[in-house]
Amino acid sequence: FTVTVEIPGTSLPVDGVRANSPHITIATDAVEGKVLPSSISETQAVGAFSVRNLTFDSFVQAGTSTAITLRLEADMGLQEGDTISLLLTDFARTGAAASAPVGSSPQYAIGDASWNAMLSLLTFPVNNTIPAQTRVEVTVFRDFGLVLPVYGIRSDTEMIQISAVAENGHVPSTAIQDVQ
């Protein structure tokens, strides 16, 4: 059976939850008898990125094309078929191709990027397994045609967010920690 408990003010750990984690327990001190902490046998995975950084070309101006470099570290392993997405509110794109190659480290971990103009979403499919806590760097080259918003971007912006659809735990849309 399923029990849903909603407790105001509670939230997931910042580093996510691994599937079937033994660290999630249930206990009670009921009048009819105590139940000591016992691991819950099945838990849903929730991913997290502990490093989230986005940089642009040096000396780039608002309203112009730029390369972007995304640096991240996932707290869960990423597998072929998983996707990482960047919400780039008010960005535009001048390029016509549906997708374009990117540079990545580890090499070939991420092979290309695709742009959805309706959603302002830049998506990176994962090509190869990336172990948990691996620093990943992805560069979308200037010729991809990403254009910065005409009014620029603040470094503490909420308009740039990262998310992931991953076998080892989805990452809900989360603001990038550091935008330069």
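Residues numbered from 1 in each chain as written. Predicted model: local features only at pLDDT ≥ 70, side-chain atom pairs only at ≥ 80, totals over all residues. Heavy atoms only, no water.

Draft legend 1. Summary view of the pairing of strand β13 (residues 160-165). Of all 6 residues that make up β13, 5 are buried, and the element is covered over most of its length. Relative to β13, strand β5 (residues 83-88) runs antiparallel, the two being bridged by 6 bridges. Among the inter-strand pairings, L87 is bridged to a residue of β13, identified as Q161. Pairing between β13 and strand β14 (residues 171-175): 3 bridges, direction antiparallel. Note that in β14 the partner of I162 across the bridge is T174. Adjacent in sequence and paired antiparallel, β13 and β14 are bridged by 5 residues, among which G169 carries a positive phi angle near 135 degrees. (Buried < 20%, exposed > 50% of the residue type's maximum accessible area, 1.4 Å probe, protein only. Helix = DSSP H or I, 4+ residues; strand = E, 2+ residues; numbered from the N terminus. Pairing = 2+ DSSP bridges.)

Draft legend 2. A look at the sheet that holds strand β7 (residues 99-101). The strand order across the open sheet built from 6 strands is β7-β9-β10-β5-β13-β14, with neighbouring strands paired in antiparallel fashion. Looking at which strands have only one partner, the edges of the open sheet turn out to be β7 and β14. Averaged over all pairs of adjacent strands, the angle between their axes in this sheet comes to 20 degrees, without regard to strand direction. As defined by bridge partners, β7 adjoins strand β9 (residues 112-116) across 3 bridges and the pair is classed as antiparallel. Each residue of the ladder has a partner; that of P101, found in β9, is D112. (Axes fitted to C-alpha atoms, helices over the stretch in contact; angles between N-to-C directions.)

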